[in-house]
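The primary structure of each chain is shown beneath.
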Amino acid sequence: MADISLTASMRSNLLSLQQTQSLMDTTQERLSTGKKVNSAIDNPSSYYTAQSLTNRASDLSSLLDSMGQAVQTIQAANEGIEAITEFASQAKAIANSANDTSDGASIENYMKQFDEILKQIDGIAKDSGYKGVNLLDGEDQELKVVFNEDRSSQIEVKGTDASSVGLMLDEAVNNWQTNEDIETSIRQTEEAISSLRIMASDYGNYYSIVQNRQSFTKSLVNVLTEGADNLTLADMNE
């Protein structure tokens, strides 16, 4: 079949219609996707730059979950330390009460209370874990928190032993036979309280660091996403 012959003006009109249709197709695609750059064909530089920003934002977003869990793990340790500190203070008060009396039956009763408090301290130290990590259950426990996508920025939170053994708290020394024995228990509780305050300060510092990095990462993800959108999103008004 022979080709249809077109005059110069007809060809010009046909080309104009084809260009108009192409522009309409492009506009329709932008309206349906909300983007002016949908592939590398549209704008290679903007497309690949936006893709790089989006990928980084995605990588950082996945780290936010682990940071959130790290915050909870440290918070669990903080709660445990606060409770143990209260029990240590209670143990000190009991020992002081025993030291203020010479009645043997009363001293024996105080001694039983003191030893029971130490059991409670051990129980709290054992139960202060979160998702398998217990920072109060010994120095072999460790929490590693990664802050960026290439793992070059991270922090390691070392565990400690907050049990009665780790705090150097002995059961009623020599069954509190003498005031010196009771005084020894009082000194041990004072040293334990001092150690617990140091632990609280350390974990409080870690808690603050992870929270601040979490907030920074959220803001950075927003910046990266906005930057990618600026390169690819269509102007719907236009």
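The structure reproduced in this document is the subject of the present report. Bear in mind that the values here come from a model prediction, so they are computed numbers and not experimental data.

How each quantity is defined
Residues numbered from 1 in each chain as written. Predicted model: local features only at pLDDT ≥ 70, side-chain atom pairs only at ≥ 80, totals over all residues. Heavy atoms only, no water. Phe/Tyr/Trp six-rings, centres within 6.5 Å; stacked < 30°, edge-to-face > 60°. Helix = DSSP H or I, 4+ residues; strand = E, 2+ residues; numbered from the N terminus. Salt bridge = Lys/Arg side-chain N within 4 Å of Asp/Glu carboxyl O. Buried < 20%, exposed > 50% of the residue type's maximum accessible area, 1.4 Å probe, protein only.

### Focus: the packing of aromatic side chains
Reasoning step 1: Applying the stated criterion across every chain, the model contains two aromatic pairs.
Reasoning step 2: On the numbers, 6.4 Å between centres and 45° between planes, the contact of Y203 with Y206 is tilted. Of the two residues, Y203 and Y206 both sit in helix α4 (residues 179–232), three residues apart, roughly one turn of that helix.

### Examining the pattern of salt bridges
Reasoning step 1: All chains considered together, the criterion is met by five salt bridges.
Reasoning step 2: We note a salt bridge from E190 to K92, for which the minimum N-O separation is 3.4 Å. Taken together, the positions of E190 in helix α4 and K92 in helix α2 (residues 44–99) put the pair 98 residues apart, joining distant regions of the chain.
Reasoning step 3: Residue E190 is classed as partly exposed on the basis of its relative accessible area, which comes to 38%.
Reasoning step 4: One salt bridge in this structure joins K144 and E156, with 3.8 Å as the shortest N-O distance. Pair noted here: K144 is in strand β1 (residues 142–146) and E156 is in strand β2 (residues 154–158), with a separation of 12 residues, a long-range link.
Reasoning step 5: The exposure class of K144 is partly exposed, given its relative accessible area of 44%.
Reasoning step 6: Each of the salt bridges in this network shares a partner with another, and the network as a whole consists of E142, K144, E156 and K158.

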